[in-house]
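Each chain is listed here by its residues.
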Amino acid sequence: MTEVSALSPVPRGSRDALLKFYFGPMDCGKSTLALQMNYNHGRQGRRGLVLTKHDRSGQPRVTSRIGLGLEAVEVVDSMDLVELVRGHDRIDYLICDEACFYTVEQIEQLADLVDEHGVDVYAFGLASDFRSVLFPAAQRLFELADEVCRLQVEVLCWCGRPGLLNARVVGGEMARTGEQVVIGDTDASPVRYQVLCRRHHRSGLLGEGTGS
């Protein structure tokens, strides 16, 4: 009997491939988990690709706010993800960070990679935009994914309630209109994002100086 250890390669074709979608607000650890999963799969002898789009660094990298980072393939709207994978000798899995910014067609391609090519796909991203409206790609992932997992790693609104929604803050005020995708972060730049509970996202209260 062959001894199996934690570092033994995972046999190819031993199970059906899966499409999994991990979602949550900013700061909930999506990119950190993506990097950890890539590391774990690599330790098992699996070959994968790490993809991203509009990373906060402005570069083709997956970066986390705790300082971890990794080079990645930058996804553009014209990219065919099936052809990308077929251009490699062997790919067992994809790590797709910021998948909410992919096109709906690319989400369909991810499902094709799972169903037709046996590639595991782990997608990470926001569910909704600054208006609390679903991103089209995220909506399609909700519809197609084999598993959907909300990540909630102690992300809090300024009031102490669970942070659920991302607010876009422009000039110190919460924005209600504008382009769906504007890249920013959680710092003090002119356009930034703040995680709020549902109550304060609906009311537009950001907490600075309100005391409530």
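Everything numeric here is computed off the predicted structure, so don't read it as measured data.

Peer 1: Tell me about the nonpolar core, residues and numbers included.
Peer 2: When a protein is soluble and globular, its nonpolar side chains tend to lie buried together. Core analysis: the biggest nonpolar cluster contains 53 residues, and Leu51, Leu81, Leu94, Cys96, Tyr102 and Leu110 have the highest contact counts within it. With sequence-adjacent residues up to four places away left out, Leu81 is seen in contact with Leu51, Val75, Tyr102, Gln106, Gln109, Leu110 and Leu113. Residues Val169, Met174, Leu196 and Cys197 belong to the second largest nonpolar core, which totals seven residues.

Peer 1: Pulling in residues and values, what's your account of the packing of aromatic side chains?
Peer 2: Counted according to the given criterion, the structure contains five aromatic pairs. Judged by centre distance (5.5 Å) and plane angle (85 degrees), the ring pair of Phe101 and Phe135 falls under edge-to-face. Pair noted here: Phe101 is in the loop between β6 (93–96) and α3 (104–117) and Phe135 is in the loop between β7 (120–125) and α4 (136–144), with a separation of 34 residues, a long-range link. With respect to class, Phe101 is no different from Phe135; both count as buried. In this structure, Arg168 is placed above the aromatic ring of Phe130, and the distance from its NZ or CZ to the ring centre is 3.8 Å.

Peer 1: Pulling in residues and values, what's your account of the pattern of salt bridges?
Peer 2: If the charged atoms of two oppositely charged side chains come close together, the side chains can form a pair. For the coordinates displayed, the defined rule picks out nine salt bridges. Between Asp89 and Arg47 there is a salt bridge, and its shortest N-O distance comes to 3.6 Å. Linking Asp89 in the loop between α2 (81–86) and β6 with Arg47 in the loop between α1 (30–43) and β2 (48–52), this pair joins segments that are 42 residues apart in sequence. The class for Asp89 is exposed, based on a relative accessible area of 74%. With relative accessibility at 41%, the residue Arg47 sits in the partly exposed group. A salt bridge links Asp92 to Arg90; the nearest nitrogen and oxygen atoms lie 2.8 Å apart. A relative accessible area of 3% places Asp92 in the buried class.

Peer 1: Give a detailed account of the side chain of Arg46, specifying residues and quantitative values.
Peer 2: With respect to the helices and strands, Arg46 occurs in the loop between α1 and β2. Classification of Arg46 as buried rests on a relative accessible area of 14%. Within the structure, Arg46 has its side chain in polar contact with the backbone oxygen of Asp92 (distance 3.4 Å). Side-chain polar atoms of Arg46 contact the side chain of Asp120, separated by 3.0 Å.

Procedures and definitions
- Each chain carries its own residue numbering, running from 1 in the written order of its sequence.
- Side-chain atom pairs in this predicted model are given and counted only at pLDDT of 80 or more, local residue features only at pLDDT of at least 70, and totals for whole chains, interfaces and linings cover all residues.
- As a rule here, side-chain values come from all non-hydrogen atoms in the structure, and water together with hydrogens is ignored.
- Working definition of a nonpolar core: buried Ala, Val, Leu, Ile, Met, Phe, Trp, Tyr and Cys residues. They are joined through side-chain atoms within 4.5 Å.
- The rule is simple: take the accessible area with a 1.4 Å probe, protein chains only, and divide by the maximum for that residue type; under 20% is buried, over 50% is exposed, in between is partly exposed.
- Pairs of residues are marked as contacts when any of their non-hydrogen atoms sit within 4.5 Å.
- Centre distance within 6.5 Å is the pairing criterion for rings of Phe, Tyr and Trp, where only the six-membered ring of Trp is used; planes under 30 degrees apart are then read as stacked, over 60 as edge-to-face, and the remainder as tilted.
- By the criteria applied, helices consist of DSSP H or I runs no shorter than four residues and strands consist of E runs no shorter than two, each listed in order from the N terminus.
- We count a charge as sitting over a ring when the NZ of a lysine or the CZ of an arginine lies within 6 Å of the ring centre and within 35 degrees of the ring normal.
- A pairing counts as a salt bridge when a side-chain nitrogen of Lys or Arg comes within 4 Å of a carboxyl oxygen of Asp or Glu.
- Nitrogen and oxygen atoms within 3.5 Å of one another constitute a polar contact, given that in protein one can donate a hydrogen and the other can accept it, and given that sequence-neighbouring residues count only through two side-chain atoms.

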